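Descriptive analysis of the structure
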Amino acid sequence: DGAILMYGDSDFWLYSGNGNFRFVNAASSTVTATLDPTGDLIIADNVVALGNNYWFGETGTRVTATATTLELMAGDANTDNLLLRAGNDSSDGAIDIFGGGPMNLRAGNGSFSFFNSTTNLVAEVNSAGRFTAYEDIVALGNDVRFGTNLSARVYRDSSFDDLVMA
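Read on for an overview of the structure. All values reported here derive from a predicted model rather than from experimental measurement.

Observations regarding the packing of aromatic side chains
A ring pair, where both rings are aromatic, is described by two values, the distance of the centres and the angle of the planes. Counted by the stated rule, this structure contains 1 aromatic pair. Here Trp-13 and Tyr-15 contribute two aromatic rings whose centre-to-centre distance is 6.1 Å and whose plane-to-plane angle is 10 degrees, an arrangement assigned as stacked. Residues Trp-13 and Tyr-15 agree in their burial class; the two are exposed.

What follows is the structure, given as structure tokens:
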């Protein structure tokens, strides 16, 4: 019931006195999107892209999706960083991948768990730094155990500064 039709082979221009453009659902009078004077597009609900890419203002930054992959590109230089945050800062949990540098994993509670499926925990690092690989190796301070706590182990005897196998 509404339309704007423009014909011809030149640019189409829209002007707004205050710089705001609002897109309104005529049936509900709900503003569904606004293009503000700074060029920000504010969407009231979901953003649906029929293509596979979102580009950003910085060179090389984009999100690309296929049926089997979601790719986040931090930029076009080897030194660009990709930072994923949970919560309001990195202490709540983060994965920091520094271009040309280290990769940091941060857990909000200090513990990391590794699963080989949705339910099988195979290894973990607790907040004190104890690494446990279940049914295999447990490393705790100067002590490395093979299997359960009562099985064979290698440890450092600090009184003699010796390595002991028990």
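Points about the sheet that holds strand S15 (residues 153-157)
With antiparallel pairing, the 7 strands of this open sheet are ordered in space as S10-S11-S12-S13-S14-S15-S16. Of all the strands in the sheet, the pair left with one neighbour each is strand S10 (112-115) and strand S16 (162-165). Between one strand axis and the next, the sheet turns by 15 degrees as a mean value, whatever way the strands run. Both strand S11 (residues 121-125) and strand S12 (residues 131-133) contribute to a ladder of 3 bridges, which runs antiparallel.

Quick word on the pairing of strand S9 (residues 103-107)
Direction of pairing for strand S8 (residues 93-97) relative to S9: antiparallel, over a ladder of 5 bridges. Its bridge partner lying in S9, Gly-93 is registered against Ala-107. Between S8 and S9, which follow one another and run antiparallel, lie 5 residues, and Gly-100 among them has a positive phi close to 70 degrees.

As for the environment of Phe-98
Here Phe-98 shows up in the loop between S8 and S9. Taking the relative accessible area as the measure of exposure, Phe-98 reaches 26% and is therefore partly exposed. Residues Phe-98 and Ala-74, 24 residues apart in the sequence, show an inter-C-alpha distance of 9.9 Å.

Focus on the pattern of salt bridges
Enumeration over the complete set of coordinates arrives at 3 salt bridges. For Arg-85, the salt bridge goes to Asp-96, with nearest N and O atoms at 2.2 Å. With a gap of 11 residues between them, Arg-85 in strand S7 (residues 82-85) and Asp-96 in strand S8 connect regions that are remote in the sequence. The class of Asp-96 is buried, set by a relative accessible area of 2%. One salt bridge in this structure joins Arg-106 and Asp-96, with 3.5 Å as the shortest N-O distance. Taken together, the positions of Arg-106 in strand S9 and Asp-96 in strand S8 put the pair 10 residues apart, joining distant regions of the chain. Residue Arg-106 is classed as partly exposed on the basis of its relative accessible area of 38%. When salt bridges with common partners are traced through the structure, they connect Arg-85, Asp-96 and Arg-106 into a single cluster.

Reading guide: rules and limits
- Residues numbered from 1 in each chain as written.
- Predicted model: local features only at pLDDT ≥ 70, side-chain atom pairs only at ≥ 80, totals over all residues.
- Heavy atoms only, no water.
- Phe/Tyr/Trp six-rings, centres within 6.5 Å; stacked < 30°, edge-to-face > 60°.
- Buried < 20%, exposed > 50% of the residue type's maximum accessible area, 1.4 Å probe, protein only.
- Pairing = 2+ DSSP bridges.
- Helix = DSSP H or I, 4+ residues; strand = E, 2+ residues; numbered from the N terminus.
- Axes fitted to C-alpha atoms, helices over the stretch in contact; angles between N-to-C directions.
- Salt bridge = Lys/Arg side-chain N within 4 Å of Asp/Glu carboxyl O.

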